Amino acid sequence: MEIDRLKEVLKGVNNGVITEDEALVEIKKATPLELSLAEQKLLDEGVSTDELKKFCIIHLRALEDKLQEIKSSLDKGHPIHTMISEHDEILKFLNKLDSLIEPLKSGIVDEEKKTLQHIVEHLLEAEKHHEREERVLFPELEERGITGPPRIMRMEHDELRPKKKKLMELSKDPVKNKKEIIELINFLSFKLRDHIFKENNILYPAALNAIGEDIVWENIRMECDKIGYCCFTPELRMQC
Ligand SMILES: [Fe+2]
Ligand SMILES: [Fe+2]
């Protein structure tokens, strides 16, 4: 699909000329890699992350069926199954974060402040997920010659980490810091959705393709166990 066509779709969605369902049909014509490259180009051309966020939500929807197919072909507890489930939870946190933008603008109440802090705590807790990727999954891929995607994913983890910490700090006083908080929410909501999109639809399928030996996946699982899971990991849900 042409980048110009994708740009048209994006513009149409943002000004309401194209419905999300119509955009979905168009987006489904592109491959995950094409979508990622197109989004990067749009960002380079100055399209704001806020505008792109909507587009990102639609393209996540576009590949949802395929992803659920991959997930259901794996055993519960398979490292990729766990990581996709964790992504599902993280996406729910991002939806909640987005829903706090309006209250932040009009005057946040105590309960919403607590929700904000709670979600940010969970986003920080997701570091264990990134660590399992960086210390176990990516090295296995790199050994097999797949070096580009892991490198980009590591860079994105490094970019996301300080933003999450900053959001935590600012959330202590959401009234005073509302402008910066809204900017950070928009950034994180876009960037993390985009990151998850690339892992779910490009990196994880590549990993399943490249690593065919069950014994290697068992070893990956054991190494992941050593690092540990997030309090929100669905298969091992704890209280958090
Ligand atoms: Fe990641
Ligand atoms: Fe991930």
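Predicted, not measured: the structure shown is a model, and the values here were computed from it.

Draft legend 1. Structural detail: the overall build of the protein chain. Per the secondary structure count, the protein chain includes twelve helices and zero strands. Counting from the amino terminus, the protein chain carries its helices and strands in the arrangement α-α-α-α-α-α-α-α-α-α-α-α. Taking 18 Å as the expected radius of gyration for a compact globule of 240 residues, we find that the protein chain reaches 18 Å, a close match to that expectation. Based on the C-alpha atoms only, the size of the protein chain along its principal axes is roughly 55 × 45 × 30 Å. Counted over contacts in the protein chain with a minimum sequence separation of 6, partners at least 24 positions apart contribute 78%. Put simply, the protein chain shows about 12000 Å² of open surface, and 52% of that area lies on carbon and sulfur atoms. Side chains of the protein chain carry 38 positive and 49 negative charges; the gap between the two charge centres is 4 Å.

Draft legend 2. Structural view of the confidence of the model for the protein chain. Averaged over every residue, the pLDDT of the protein chain is 89; residues scoring 70 or more account for 98%. The secondary-structure element of the protein chain with the lowest mean pLDDT is helix α4 (residues 49-62), recorded at 75, while helix α9 (residues 127-143) shows the highest, at 97.

Draft legend 3. Region of the structure containing the packing of aromatic side chains. Using the criterion set out here, one finds one aromatic pair in the structure. Where Phe93 meets Phe232, the ring centres are 5.1 Å apart and the plane angle is 85°; that geometry is what we call edge-to-face. Residue Phe93 is found in helix α6 (residues 79-99), and its partner Phe232 is found in the segment after α12 (214-227); the two are separated by 139 residues along the sequence. Residue Phe93 shares its accessibility class with Phe232, and that shared class is buried.

Draft legend 4. Expanded view of the coordination of the iron ion (ligand 1). Distances from the iron ion (ligand 1) to its protein donors, Glu133 (OE), His157 (NE2), His195 (NE2) and Glu199 (OE), fall within 2.0 to 2.2 Å. Along the chain, the residues donating to the iron ion (ligand 1) are arranged with the sequence spacing E-x23-H-x37-H-x3-E.

Draft legend 5. Molecular detail of the layout of surface pockets. The calculated volume of the largest pocket comes to roughly 300 Å³. Residue lining of the largest pocket: 16 residues in total, with Leu33, Ser36, Leu37, Ile152 and Lys198 positioned closest to the centre. Elements supplying a minimum of two residues to the lining of the largest pocket: α3 (32-44), α10 (148-170) and α11 (178-210). Of the residues that constitute the lining of the largest pocket, the class distribution is nine nonpolar, two polar and five charged.

Draft legend 6. Structural view of helix α2 (residues 20-27). Turning to α2, its buried residues are Ala23, Leu24, Glu26 and Ile27. Along the axis of α2, the buried positions cluster into a sector of 165°, meaning they face one direction only. Considering only its buried residues, α2 is in contact with α1 (3-14), α3 and α4.

Draft legend 7. A look at the coordination of the iron ion (ligand 2). Listed as protein donors to the iron ion (ligand 2) are His87 (NE2), His129 (NE2), Glu133 (OE) and Glu199 (OE); their distances from the metal cover 2.0 to 2.2 Å. Coordination at the iron ion (ligand 2) comes from four donor atoms whose angles at the metal span 84 to 168°, giving a geometry best classed as irregular. Each donor residue of the iron ion (ligand 2) lies on one chain, and together they are spaced H-x41-H-x3-E-x65-E. Separating the iron ion (ligand 2) from the iron ion (ligand 1) is a gap of 3.2 Å, which Glu133 spans by donating to each of them. Within this pair, whereas His87 is found in helix α6, its partner Glu133 is found in helix α9, the two being separated by 46 residues in sequence. The two residues His87 and Glu133 agree in class, both being buried.

Draft legend 8. Geometry of the side chain of His81. Positionally, His81 belongs in helix α6. Contact partners of His81, with chain neighbours within four places excluded, come to Lys71, Leu74, Asp75, Lys76 and Glu235.

Draft legend 9. How the structure looks around the nonpolar core. One finds Leu97, Leu123, Leu167 and Ile185 to be the most contacted residues of the largest nonpolar core, which totals 51 residues. Looking at this core, the element that brings in the most residues is α11, giving ten residues. Sequence-distant contacts of Leu123, defined by excluding residues within four places in its chain, comprise Ile90, Phe93, Leu94, Leu97, Lys164 and Leu192. Within the second largest apolar cluster, 21 residues are counted, among which are Leu137, Trp217, Ile220 and Ile227.

About the thresholds
- Residues numbered from 1 in each chain as written.
- Chains lettered and ligands numbered in written order.
- Predicted model: local features only at pLDDT ≥ 70, side-chain atom pairs only at ≥ 80, totals over all residues.
- Heavy atoms only, no water.
- Helix = DSSP H or I, 4+ residues; strand = E, 2+ residues; numbered from the N terminus.
- Rg over C-alpha atoms; globule rule 2.2 N^0.38 Å.
- Contact = heavy atoms within 4.5 Å.
- Areas by Shrake-Rupley, 256 points an atom, 1.4 Å probe, with all protein chains shown as cover.
- Lys, Arg positive; Asp, Glu negative; His and termini not counted.
- Charge placed at Lys NZ, Arg CZ, Asp CG, Glu CD.
- pLDDT = per-residue confidence, 0-100.
- Phe/Tyr/Trp six-rings, centres within 6.5 Å; stacked < 30°, edge-to-face > 60°.
- Buried < 20%, exposed > 50% of the residue type's maximum accessible area, 1.4 Å probe, protein only.
- Donors = N, O, S within 2.8 Å, 3.2 Å for Na, K, Ca; no water.
- 1 Å grid on protein atoms, 1.4 Å probe; cavity = no way out; pocket = protein on both sides within 12 Å on 5 of 7 lines; lining within 4 Å.
- Points joined across faces, edges and corners; volume = space filled by probe spheres on them.
- Nonpolar A, V, L, I, M, F, W, Y, C, P; charged D, E, K, R; others polar.
- Arc of directions from axis to C-beta.
- Tetrahedral: all angles 85-135°; square planar, octahedral: opposite > 155°, others 65-115°.
- Core = buried A, V, L, I, M, F, W, Y, C linked by side-chain atoms within 4.5 Å.

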